[in-house]
Amino acid sequence: MPEPKKKAFFSLINSEIDQFAVFPENYSPKEEEEFNIQSTLNFRYDQTKSDIACSCGVNCFMDDKIIVKCEVTMTYKMTIQTMKDLKGNGELNIPKDILVFFANTTYNSLRGVILAKLSNTQIRLLLPLINLNDIIKEPLKIVE
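Residues numbered from 1 in each chain as written. Predicted model: local features only at pLDDT ≥ 70, side-chain atom pairs only at ≥ 80, totals over all residues. Heavy atoms only, no water.

Caption draft 1: Structural view of the sheet that holds strand β6 (residues 91–94). Reading across from one edge, β5-β6-β7 is the order of the 3 strands in this open sheet, with antiparallel pairing throughout. One side of each edge strand has no neighbouring strand; the edge strands of this open sheet are β5 (87–88) and β7 (140–143). Where β6 lies against β7, 4 bridges are found, and the strand directions are antiparallel. Residue I94 lies in a different strand from β7, and its bridge partner there is L140. (Pairing = 2+ DSSP bridges. Helix = DSSP H or I, 4+ residues; strand = E, 2+ residues; numbered from the N terminus.)

Caption draft 2: Up close: the packing of aromatic side chains. Counted under the stated rule, the structure contains 5 aromatic pairs. An angle of 85° between the planes, with centres 4.9 Å apart, marks the rings of F10 and F102 as edge-to-face. Taken together, the residues span a long stretch of sequence, with F10 in strand β1 (residues 10–22) and F102 in helix α2 (residues 96–117) at a distance of 92 residues. Overall, F10 belongs to the partly exposed group, its relative accessible area being 31%. Overall, the relative accessible area of 0% leaves F102 in the buried class. Summarising the aromatic geometry, the rings of F101 and F102 are spaced 6.3 Å apart at their centres and angled 65° between planes, so their arrangement reads as edge-to-face. Ring pairs connect the aromatic residues F10, Y76, F101 and F102, which therefore count as one cluster. (Phe/Tyr/Trp six-rings, centres within 6.5 Å; stacked < 30°, edge-to-face > 60°. Buried < 20%, exposed > 50% of the residue type's maximum accessible area, 1.4 Å probe, protein only.)

Pasting the structure below:
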């Protein structure tokens, strides 16, 4: 019988807008606007602090010209017990569902930053809703 899932306890300890730039000179309003959006998703583990950071970034283009560039990082602190529960066999195993939660929270914060920062411009860019459960396929295993 498989071992029951243990609960993970953590807190959000930092949220940063690492980068935001808008290039209104590259924007030309059209009746049907199409943006080409390139996105990134990264996780970073700080072993000395037991922090896990998740960064989401986007570069948005129109007619091959960059319009918006933004990156947001959110850092989470796991409790000591959660860290103990996630360690075994010389590695830290961060379950997929925790990664998906961190990524969803960070990505949706990124969406909000872009919406707020562009509110006083003529650029209307709404990032699509994404099911990050379809993108993150496996747990993150870190050899210690």
